[in-house]
Amino acid sequence: MSRIGRMPITVPAGVEVTIAENNVVTVKGPKGTLTQALRPEMILEQEGNVIHVKRPSDDKLHCALHGMTRALLHNMVVGVSEGFKKELEVNGIGYRAAKEGKNLVMNLGYSHQVIVPEIDGITIDVPTQNKIVISGPDKQKVGQFAAEVREKRPPEPYKGKGIKYVDEVIRRKVGKTGAKK
């Protein structure tokens, strides 16, 4: 039995969960509204403010879907109540980020500025010129957008220059040594 799939999902106050036919789930909360079509064979039972995910059989496919369905539903509930955020750090001499209107403008050592427009459902915040905070209710969108921003200049292993996640550790390499005499 899936340990994650067995765990009940408690719906906090201020969050409304609607389960339509074919497991189309709509979650409304203070941070926004999320809608997702989950697999129709999974059984979703809502009792008050608790949701249980059950599987119809011990089939290999149903076992695999059990924990995933519960995790997707839990991420939707957490997203509309608390939201998700990813923090990025810009390292390098002359490397900086700024927010101009709805665009993220970055100087990353190229001959031009890198401009990334803000997409709907995502909020970009630049508290300092070397820190970027991406937040929103949809965990998948936040993670994907953060990965796309990081992709503009991934960190390199010799000096550690580039865009990295705050909790990411860059494995450093030793550069060339001087010529022997």
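Look a little higher up for the structure.
Residues numbered from 1 in each chain as written. Predicted model: local features only at pLDDT ≥ 70, side-chain atom pairs only at ≥ 80, totals over all residues. Heavy atoms only, no water.

1. Quick word on the packing of aromatic side chains
The condition that has to hold: Classification of ring pairs rests on two measures: the distance between centres of Phe, Tyr or Trp rings, Trp counted by its six-membered ring, which must be within 6.5 Å, and the angle between planes, read as stacked under 30 degrees, edge-to-face over 60 and tilted in between. Charge-over-ring placement is defined geometrically: NZ (Lys) or CZ (Arg) within 6 Å of the ring centre, and within 35 degrees of the ring normal.
If you walk through the whole model with that rule in mind, you get 0 aromatic pairs. Taking the ring centre of Tyr165 as reference, the NZ or CZ of Lys86 above it sits at 5.3 Å. In this arrangement the basic side chain of Arg153 is found over the ring face of Tyr110, its NZ or CZ atom lying 4.3 Å from the centre.

2. Notes on the pattern of salt bridges
As a reminder, the rule being used: By definition here, a salt bridge exists when the distance from a side-chain nitrogen of Lys or Arg to a carboxyl oxygen of Asp or Glu is within 4 Å. Secondary structure follows DSSP: runs of H or I at least 4 residues long count as helices, runs of E at least 2 residues long count as strands, and numbering of each begins at the N terminus.
All told, the structure shown has 9 salt bridges when counted by the stated rule. Notably, a salt bridge pairs Glu89 with Lys164, separated by 3.7 Å at the nearest N-O pair. Placement of Glu89 in strand β7 (residues 84-91) and of Lys164 in strand β13 (residues 162-165) is noted, with a sequence separation of 75 residues between them. Put simply, Glu168 and Arg150 hold a salt bridge, and the shortest N to O gap is 2.7 Å. Separated by 18 residues along the polypeptide, Glu168 in the segment after β13 and Arg150 in helix α3 (residues 139-151) bring together distant segments of the chain. Salt bridges here are not isolated pairs; linked through shared partners, they connect Lys85, Glu87 and Lys131.

3. Here's the deal with the layout of surface pockets
Test applied: Using protein atoms alone on a 1 Å grid, points that fit a 1.4 Å probe yet trap it form a cavity, whereas open point sets bounded by protein on both sides within 12 Å along at least five of seven lines form a pocket; residues with an atom within 4 Å of a point count as lining. Grid points are joined across faces, edges and corners, and a volume is the space filled by probe spheres set on the points. Residue polarity follows a fixed list, in which Ala, Val, Leu, Ile, Met, Phe, Trp, Tyr, Cys and Pro are nonpolar, Asp, Glu, Lys and Arg are charged, and the others, Gly among them, are polar.
Estimates place the volume of the largest pocket at around 160 Å³. The set of elements that each furnish at least two residues to the lining of the largest pocket consists of β4 (32-37), α2 (60-81) and α3. A per-class count over the lining of the largest pocket returns 4 nonpolar, 4 polar and 2 charged.

4. Some thoughts on the sheet that holds strand β8 (residues 96-100)
Where we set the bar: Strand pairing is defined by DSSP finding a minimum of two bridges between the two strands. To define axes, lines are fitted to C-alpha atoms, for helices over the stretch in contact only, and angles between the resulting N-to-C directions are given on a 0 to 180 degree scale.
Across the sheet, which stays open at both edges, the 3 strands sit in the order β8-β9-β10 with antiparallel pairing between neighbours. Here the strands that pair on one side only, and so sit at the sheet edges, are β8 and β10 (114-117). On average, adjacent strands in this sheet sit at an angle of 20 degrees to one another, irrespective of strand direction. As paired strands, strand β9 (residues 103-107) and β10 are joined by 4 bridges and run antiparallel to one another. Looking at β10, one finds that Leu104 is bridged to Val116.

5. Overview of the pairing of strand β2 (residues 16-19)
Two elements, β2 and strand β3 (residues 24-29), share 4 bridges in a ladder whose sense is antiparallel. Within the sheet, the bridge partner assigned to Thr18 lies in β3 and is Thr26.

6. Looking at the nonpolar core
Condition: To define a nonpolar core, start from buried Ala, Val, Leu, Ile, Met, Phe, Trp, Tyr and Cys residues and group those joined through side-chain atoms within 4.5 Å. Each residue is assigned to one of three classes by its accessible area relative to the maximum for its type, calculated with a 1.4 Å probe on protein chains only: buried under 20%, partly exposed between the two thresholds, exposed over 50%.
In terms of nonpolar packing, the biggest core is built from 20 residues, with Leu104, Met106, Ile132, Ile134 and Val149 touching the most fellow members. Among the elements of the structure, β7, β9, β10, β11 (123-128), β12 (131-136), α3 and β13 are those that each provide at least two residues to this core. Here this core takes 4 residues from α3, the largest share from any one element. Core analysis: the next-biggest nonpolar cluster, separate from the first, contains 17 residues, Val15, Leu38, Leu44 and Ile51 among them.

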